[in-house]
Amino acid sequence: MRASVLRDGRMVYRDDVPDPVPGPGQVLVAVRSCGICGSDLHFAAHGAEVLALTAQMTRGGGGMGVDLDRDIFMGHEFSAEILEAGPDTETYPAGTLVTSLPVLLSDKGVEPIVYSNTTIGGYAERMLLSAPLLIPIPNGLDLKHAALTEPMAVGLHAVNKSNIQPGETALVIGCGPIGIAIIAALRRSGVETIVAADFSPKRRELATAMGAHQVLDPAQGSPFDTAKPAVVFEAVGVPGIINDVLSRARPGTRLVVAGVCMQPDTMHPFFAIAKEINVQFVLAYTPEEFADSLRAIAEGETDVSPLITGEVGLDGVGAAFDDLGDPERHCKILVTP
């Protein structure tokens with residue numbers, strides 16, 4: 001079958017990938033749509049560092065078990081159609097449209113569907129999913145929109161972790177896909193003052209479309225000179241941002257770090273100590289947040305259509321990775337096998 005794989009830091013098209021075969025508790029699905037995630041771009045550019053840091057974090061416990069010298073499957077924001085079930089597997093009938101937490105369960109254990117030499121992700125014609133984790137896509141929901149359940153759940157998780165209240169002001173720094181997902185979740189949570197900051201005019205427009213009440217260009221002055229946020233969401237992920245927030249934020253501010261910085265960063269603890277700033281780092285989401293995000297998209301509470309700025313086939317994934325480097329052109333490109 002056809003797939004796009006990471007090889008030597010570049011996405012490469014293949015038409016000779018063996019079809020996956022579902023085992024007990026698994027289903028074979030046809031991928032209908034898969035979003036390109038910023039974490040995939042990070043891994044393509046910084047794969048060795050990601051693996052080294054993961055191994056260090058697990059204290060030599062094996063890390064992610066990915067070999068960069070072999071082809072790597074990716075793609076974890078997907079919608080799909082059930083083709084067939086594995087042996088002794090009770091699940092939804094063939095033809096059912098589904099999405100799922102990006103995790104594959106097998107007799108070998110738990111395999112995240114994120115970066116793997118063996119577990120195929122959404123940048124392929126077909127992949128395996130775990131029957132117990134399937135969530136049917138509500139009738140009538142655009143499969144392209146359903147594929148954005150995963151990134152929207154990331155934004156919802158960040159907002160839930162912040163414990164923000166409707167009357168508090170939120171400042172979102174960085175209006176890429178995760179910042180936009182945070183804005184959408186803030187709006188859905190009833191937050192009355194959402195301020196967003198980004199250098200890109202296109203992303204500021206998108207932030208407004210997704211629910212920001214005010215957008216600011218940091219080139220025209222610090223957002224903290226205009227907004228007086230109780231909660232700051234950092235969704236940039238470059239060195240220096242956290243320290244800048246700590247130095248400019250008001251006493252008692254809550255900082256939620258959702259941006260993934262791949263370089264060592266430096267901060268001065270004095271700012272955080274003197275102002276008693278609470279810093280919360282966040283990752284991913286809970287199963288409940290994933291399901292709630294799908295429901296919100298299906299019921300029209302969250303309109304994800306403004307995020308979709310491009311669509312490619314499996315042979316165009318490599319070019320799409322390059323194109324996503326320009327914030328004036330793209331926010332979210334979908335792969336449609």
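What you see is a predicted model; the values in this text were computed from it and never measured.

Examining the domain arrangement of the protein
No. 1: When its domains are assigned, the protein resolves into domain 1 (3-136 + 304-335) and domain 2 (151-281).
No. 2: When each unit is reduced to the centre of its C-alpha atoms, the spacing between domain 1 and domain 2 is 28 Å.
No. 3: Counting from both sides, the interface comprises 14 residues of domain 1 and, opposite them, 13 residues of domain 2.
No. 4: Taken together, both faces of the contact between domain 1 and domain 2 bury some 1,200 Å²; the carbon and sulfur share is 72%.
No. 5: When the buried surface of domain 1 facing domain 2 is broken down by residue, Leu-307, Glu-328 and Cys-331 rank first, second and third, together holding 36% of it.
No. 6: Between the two partners, domain 1 and domain 2, sit zero salt bridges.
No. 7: Here the element with the most residues in the side of domain 1 that touches domain 2 is helix H1 (residues 38-57); it accounts for five residues.
No. 8: Split by residue class, the side of domain 1 that touches domain 2 holds seven nonpolar, three polar and four charged.

Topic: the nonpolar core
One recurring pattern in soluble globular proteins is that nonpolar side chains are buried together.
No. 1: Among the nonpolar cores identified, the biggest contains 46 residues, and Ile-180, Ile-182, Ile-183, Leu-186 and Phe-233 are the most heavily contacted of them.
No. 2: For this core, the secondary-structure elements that each account for two or more residues are helix H2 (143-146), helix H3 (149-162), strand S10 (169-173), helix H4 (177-188), strand S11 (193-197), helix H5 (201-209), strand S13 (231-234) and helix H8 (287-298).
No. 3: Sort the elements by how many residues they give to this core and H4 lands first, with seven residues.
No. 4: Both domain 1 (3-136 + 304-335) and domain 2 (151-281) contribute no fewer than three residues apiece to this core.

Regarding the pairing of strand S14 (residues 254-257)
No. 1: In this sheet, S14 lies alongside S13 in parallel orientation, the contact comprising four bridges. Each residue of the ladder has a partner; that of Glu-234, found in S14, is Val-257.
No. 2: Note that the unit made of S13, helix H6 (residues 241-248) and S14 has a crossover that is right-handed.
No. 3: Pairing of S14 with strand S15 (residues 278-281) involves four bridges; the strand directions are parallel. Residue pairing across strands places Arg-254 opposite Asn-278, the latter belonging to S15.
No. 4: Read as a crossover between parallel neighbours, the route from S14 over helix H7 (residues 269-275) to S15 is right-handed.

Quick word on the packing of aromatic side chains
Here the distance between the centres and the angle between the planes together describe a pair of aromatic rings.
No. 1: Tallied over the entire structure, the rule returns four aromatic pairs.
No. 2: Ring centres of Phe-43 and Tyr-115 lie 4.0 Å apart, and the angle between their planes is 10 degrees; on these two criteria the pair is classed as stacked. Highlighted residues: Phe-43 in helix H1 and Tyr-115 in the loop between strand S7 (109-112) and strand S8 (126-130), separated in sequence by 72 residues.
No. 3: On the basis of relative accessibility, which here comes to 1%, the residue Phe-43 falls in the buried class.
No. 4: Tyr-115 gets classed as buried once you look at its relative accessible area, which sits at 9%.
No. 5: When the ring of Phe-270 is compared with that of Phe-271, the centres are 6.3 Å apart and the planes differ by 70 degrees; the resulting orientation is edge-to-face.
No. 6: Residue classification places Phe-270 among the exposed positions, given a relative accessible area of 53%.

Things to note about the pattern of salt bridges
No. 1: In the structure shown here, the tally under the stated rule is 18 salt bridges.
No. 2: Residue Asp-71 is joined to Arg-14 by a salt bridge in which the shortest nitrogen-to-oxygen separation is 2.9 Å. With Asp-71 in the loop between H1 and strand S4 (77-85) and Arg-14 in strand S2 (residues 10-14), this residue pair connects regions lying 57 residues apart in the sequence. We note that Asp-71, like Arg-14, is buried.
No. 3: Residue Arg-188 is joined to Asp-292 by a salt bridge in which the shortest nitrogen-to-oxygen separation is 3.3 Å. In this pair, Arg-188 is assigned in helix H4 and Asp-292 in helix H8, connecting sequence segments 104 residues apart.
No. 4: Accessibility expressed as a relative area gives 25% for Arg-188, which makes it partly exposed.

Some points on H6
No. 1: For H6, every residue scored as buried is listed here: Ile-242, Val-245 and Leu-246. Taken end-on, H6 shows its buried residues confined to a sector of 100 degrees, consistent with a single buried face.
No. 2: Those residues of H6 hidden inside the fold are in contact with S10, S13, S14, H7 and S15.

Structural notes on the environment of Leu-134
No. 1: For Leu-134, the location among the structural elements is in strand S9 (residues 134-136).
No. 2: On the accessibility criterion, Leu-134 (7% relative accessible area) is buried.
No. 3: In this structure, Leu-134 is in contact with Val-27, Ile-82, Thr-91, Tyr-92, Val-98, Thr-99, Ser-100 and Leu-129, ignoring residues within four places of it in sequence.

Examining the UniProt feature "domain: Alcohol dehydrogenase-like C-terminal" (unreviewed entry) in the protein
No. 1: Taking the UniProt record as the reference, the feature "domain: Alcohol dehydrogenase-like C-terminal" (unreviewed entry) is found at residues 177-298.
No. 2: Strand forms 16% of residues 177-298 and helix 39%; the C-alpha atoms that close the span are 19 Å apart.

Conventions and cut-offs
For every chain, the first residue of the written sequence is number 1, and numbering continues from 1 along that sequence. The predicted nature of this model means local features are confined to residues of pLDDT at least 70 and side-chain atom pairs, given and counted, to a pLDDT of 80 or more, with totals for whole chains, interfaces and linings taken over all residues. No hydrogens and no water enter the side-chain calculation; it runs on all heavy atoms of the structure. Source of the domain bounds: an automatic or database domain assignment. By the convention used here, residues are in contact when the closest approach between their heavy atoms is within 4.5 Å. Throughout, the accessible surface (probe 1.4 Å) given up by two parts as they are put together, summed over both, is called the buried area. Salt bridge, as applied in this entry: a Lys or Arg side-chain nitrogen positioned within 4 Å of an Asp or Glu carboxyl oxygen. Each helix corresponds to a stretch of at least 4 residues labelled H or I by DSSP, and each strand to a stretch of at least 2 residues labelled E; elements are numbered beginning at the N terminus. Under the convention adopted here, Pro, Cys and the residues Ala, Val, Leu, Ile, Met, Phe, Trp and Tyr are nonpolar, Asp, Glu, Lys and Arg are charged, and Gly plus all remaining residues are polar. Here, nonpolar core refers to any group of buried Ala, Val, Leu, Ile, Met, Phe, Trp, Tyr and Cys residues whose side-chain atoms link them within 4.5 Å. Each residue gets one of three labels from its accessible area relative to the maximum for its type: buried under 20%, exposed over 50%, partly exposed in between, using a 1.4 Å probe on protein chains only. What makes two strands pair is DSSP finding at least two bridges between them. Seen with its strands pointing away from the viewer, a crossover is right-handed when the path leading from the first strand over the helix to the second is clockwise. Only Phe, Tyr and Trp rings are paired, with Trp represented by its six-membered ring, and only when their centres lie within 6.5 Å; those with planes under 30 degrees apart are stacked, over 60 edge-to-face, the remainder tilted. Working definition: the arc comes from the directions between the helix axis and the C-beta atoms, pointing outward to the latter. UniProt positions are given in the numbering used here, feature names are shortened, and annotations may be inferred rather than shown by experiment.

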